[in-house]
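# Understanding the architecture of this molecule
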Amino acid sequence: MKLSKTFTSMLPALAASTAVLLSSPAFAETYGFSQIGSESGWRTSETNSIKAEAEARGIDLKFSDAQQRQENQIKAVRSFIAQGVDGILLAPVVETGWDQVLREAQRAEIPVVLIDRGVDADPSLYLTKVASDFTEEGALAASWLAAETNGVCDIVELQGTVGSSAAIDRKTGFDSVISNFPNMNIIRSQSGDFTRAGGKEVMESFLKAEGGGDNICALFAHNDDMALGAIQAIKEAQLQPAEDILVLSIDAVPDIFRAMADGEANATIELNPHLGGPAFDAIAAHEQGEEVDKWIKANGPLYLPDTAEEEYQARR
Ligand code: AHR
């Protein structure tokens, strides 16, 4: 067959545009991800892990950082709905106040997966929750402390963000175990907002209020970052963290393993940050018409100083 002159002259341009088309990313799906912020080392790992997982799967992930504000998260979810995304990942900063916006997503037939934290809304309003059991984490922390102190300990507690399921449930789990030990008491408890600076500041006030802190047996911090800030405060008060005051926290970030290896912290419970894979799998299963469990659990073990150096080297 003979090609016309005009068509032949168009061939280089056609080849070029085909190459552009082939090299542009062809996204399988578009999801929105409303993240709480970047208050802790764990949160940053979680964000990075979810973004990497989306990229590996060819998902176009629209990311929104709420900077700890629920109203920013509600705005982000509404904007994802308006853009007609295929699914929404929501890490809710607090537990209450989500019914309305979840109903809007449901009306638009967009599945919502709760990531890491829970809400008090009706479970029919979201597809699933991919999260650890915070109550179990609190109970595990208290059981370790009870064994370590033979059930005799005056404890100071650094709580996470007020109103968050992570803070509420970790406290519930911890309290339920120590209530079985008449000589284990929480003598001070306040929020440090899951930040290192908050942990340091509140620990300083605990030490001051407790006449320097000699009578404090242990610190239970709802996350490692607050524990790391508190360790600084304990050292500045001329006490030895992990010896004069036991230090126990949750997350298992590299810096707490460094502190444990250096003899400044006693235990941490792992919170898995790799929640993107199970969340994307759940949406894919839902799209195939499969039933999805309402809670996909991701609990981790308790780590002690004996493996801290090894864990630090592996995770940093
Ligand atoms: O919701 C999980 C908690 O939030 C983590 O323990 C803490 O580090 C984070 O900021």
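## Remarks on the sheet that holds strand β8 (residues 218-221)
- Strand order across the open sheet formed by six strands is β7-β6-β8-β9-β10-β12, with mixed pairing between neighbours. For this open sheet the edge positions go to β7 (184-191) and β12 (299-303), each flanked by a neighbour on one side alone. Strand-to-strand twist in this sheet, taken as the mean axis angle between neighbours without regard to direction, amounts to 15 degrees.
- Relative to β7, strand β6 (residues 153-159) is paired through seven bridges, and the arrangement is parallel. From the neighbouring strand, D154 faces β7, where its bridge partner is N185.
- Relative to the sheet, helix α8 (residues 224-236) contacts β6, β8, β9 (246-251) and β10 (267-271), its axis offset from that of β9 by approximately 155 degrees.

## What about empty space enclosed by the protein?
- Tallied over the full model, the rule gives one cavity of 30 Å³ or more.
- Considered as a void within the structure, the largest cavity measures approximately 80 Å³ in volume.
- The wall of the largest cavity is formed by 13 residues, among which W42, R43, R117, F194 and L271 lie closest to the centre.
- Counted by class, the lining of the largest cavity contains five nonpolar, two polar and six charged residues.
- Mapped onto the domain boundaries, the lining of the largest cavity takes at least three residues apiece from domain 1 (29-132 + 273-298) and domain 2 (134-270).

## Notes on helix α4 (residues 99-107)
- What α4 keeps buried is the set V101, L102, E104 and A105. Along the axis of α4, the buried residues cluster in a sector spanning 155 degrees; they form a single face.
- Summarising the contacts, the buried residues of α4 are in contact with α3 (70-83), β3 (87-90) and β4 (112-115).
- Two residues or fewer past α4, E109 is found with a positive phi of approximately 60 degrees.

Parameters at a glance
- Starting afresh in each chain, residues are numbered from 1 along the sequence in its written order.
- Given that the model is predicted, a residue must reach a pLDDT of at least 70 before its local features are reported, and side-chain atom pairs must reach 80 or more before they are shown or counted; all residues, however, enter totals for whole chains, interfaces and linings.
- To get the side-chain values, take all heavy atoms of the structure and skip hydrogens and water.
- Following DSSP output, two strands are said to pair if at least two bridges run between them.
- Secondary structure follows DSSP: runs of H or I at least 4 residues long count as helices, runs of E at least 2 residues long count as strands, and numbering of each begins at the N terminus.
- For helices, the axis comes from a line fit to the C-alpha atoms of the stretch in contact; other axes are also lines fit to C-alpha atoms, and the angle between any two N-to-C directions lies between 0 and 180 degrees.
- By definition, residues are in contact when any of their heavy atoms lie within 4.5 Å.
- The way it works is a 1 Å grid over only the protein atoms, where trapped points that fit a 1.4 Å probe form a cavity and open points with protein on both sides within 12 Å along at least five of seven lines form a pocket, and then any residue with an atom within 4 Å of a point lines it.
- Grid points are joined across faces, edges and corners, and a volume is the space filled by probe spheres set on the points.
- By the convention adopted, Pro, Cys, Tyr, Trp, Phe, Met, Ile, Leu, Val and Ala count as nonpolar, Lys, Arg, Asp and Glu as charged, and the other residues, Gly among them, as polar.
- The start and end points of each domain follow an automatic or database-based domain assignment.
- Residue exposure (1.4 Å probe, protein chains only): buried if accessible area is under 20% of the type maximum, exposed if over 50%, otherwise partly exposed.
- This arc is built from the directions going out from the helix axis to the C-beta atoms.

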